[in-house]
Structure formats: C-alpha cells, structure tokens
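The primary structure of each chain is shown beneath.
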Amino acid sequence: MSAVRDRYLSDYDISEQETEELLKFCRTADNGQQAMILHAAQIANDSISIPILVNLTSGIGYDRLSMWYEIPMQRKDFQGYRRKTLAVLRDLIKLHQDAEMRLKK
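Residues numbered from 1 in each chain as written. Predicted model: local features only at pLDDT ≥ 70, side-chain atom pairs only at ≥ 80, totals over all residues. Heavy atoms only, no water.

Averaged over every residue, the pLDDT of the protein chain is 95; residues scoring 70 or more account for 99%. Mean pLDDT in the protein chain bottoms out at helix H5 (residues 75-104), which sits at 93, and peaks at helix H3 (residues 49-58), which reaches 98. (pLDDT = per-residue confidence, 0-100. Helix = DSSP H or I, 4+ residues; strand = E, 2+ residues; numbered from the N terminus.)

In structure tokens:
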C-alpha cells in the first residue's frame, strides 16, 4: 500500500461525482454532520483533525490555515490526509444510512 500522501481519491474508489457530493455535504453540514466530519478527520489523523474540518467545511486552503494553526506537515501530506478523511467520511455516511434503514424495518 502506498503512503497516504501518494494516495488519491481514485485509490479509495471515490469518483469525481462522489467527491463533489462529499464536498457539498461538508460545506452544508449542520452541527451533527460536522461532528461526523470531525470524527472522520480524527480517524484519518487526529493531530490535524481541526484544520481538516475547517478546510472541508469552509474551503479555506492549507496556506491560510497554516497561518492560524500549526500544521506539522507539508501541504502534500495534509492533502493526503484530507483525501483519507473524505474516504472515511464516505464510509461513516454509509454506515449511518445503513443503521437508519435497519431501524426503519
């Protein structure tokens, strides 16, 4: 398996359309959904979970974020963990949807 920094969304089997849907979910997330995004970021890399949350929910990039937060890695590594967060988030959303379906039965 390649390093996180070298993995792309296609390596996680996430299409461009699914990426757009995930980013839209992040940008329009309510408090409960933001908690799920934070949880996904913590799973991906707990030490940068807050900057990843801010990036995904606001669209603020690495360069501006690094002025406000000490991000202990280069942009390429940050972007790799951002992609991993999106993959984890996709899985959490699916688990949540599956659980809701089971409860409705």
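Next comes the rest of the account.
It is worth spelling out the nonpolar core at this point. Ile-37, Leu-56, Ile-71, Phe-78, Leu-86 and Leu-89 are the most contacted members of the largest nonpolar core, which has 29 residues in total. When contributions to this core are tallied by element, the ones reaching two or more residues are helix H1 (16-27), helix H2 (31-45), H3, helix H4 (62-68) and H5. Per element, the largest residue contribution to this core is seven residues, and it comes from H5. Sequence-distant contacts of Ile-71, that is, excluding residues within four places in its chain, are made with Ile-48, Pro-51, Tyr-62, Leu-65, Ser-66 and Phe-78. (Core = buried A, V, L, I, M, F, W, Y, C linked by side-chain atoms within 4.5 Å. Buried < 20%, exposed > 50% of the residue type's maximum accessible area, 1.4 Å probe, protein only. Contact = heavy atoms within 4.5 Å.)

What follows deals with the packing of H2 against H5. Interhelical geometry of H2 versus H5 gives an angle of 130° and a closest axis separation of 8 Å. Taken together, the axes of H2 and H5 lie oblique to each other. The element H2 and its partner H5 pack so that their crossing is right-handed. Contacts between H2 and H5 involve Met-36, Ile-37, His-39, Ala-40, Ala-41, Ile-43, Ala-44 and Asn-45 on the former and, on the latter, Tyr-81, Lys-84, Thr-85, Val-88, Leu-89, Leu-92, Ile-93 and His-96. Across the contact of H2 with H5, the residue classes tally to 11 nonpolar, four polar and one charged. (Axes fitted to C-alpha atoms, helices over the stretch in contact; angles between N-to-C directions. Parallel < 35°, antiparallel > 145°, perpendicular 65-115°, else oblique. Left-handed = near helix turned anticlockwise from the far one by under 90°. Nonpolar A, V, L, I, M, F, W, Y, C, P; charged D, E, K, R; others polar.)

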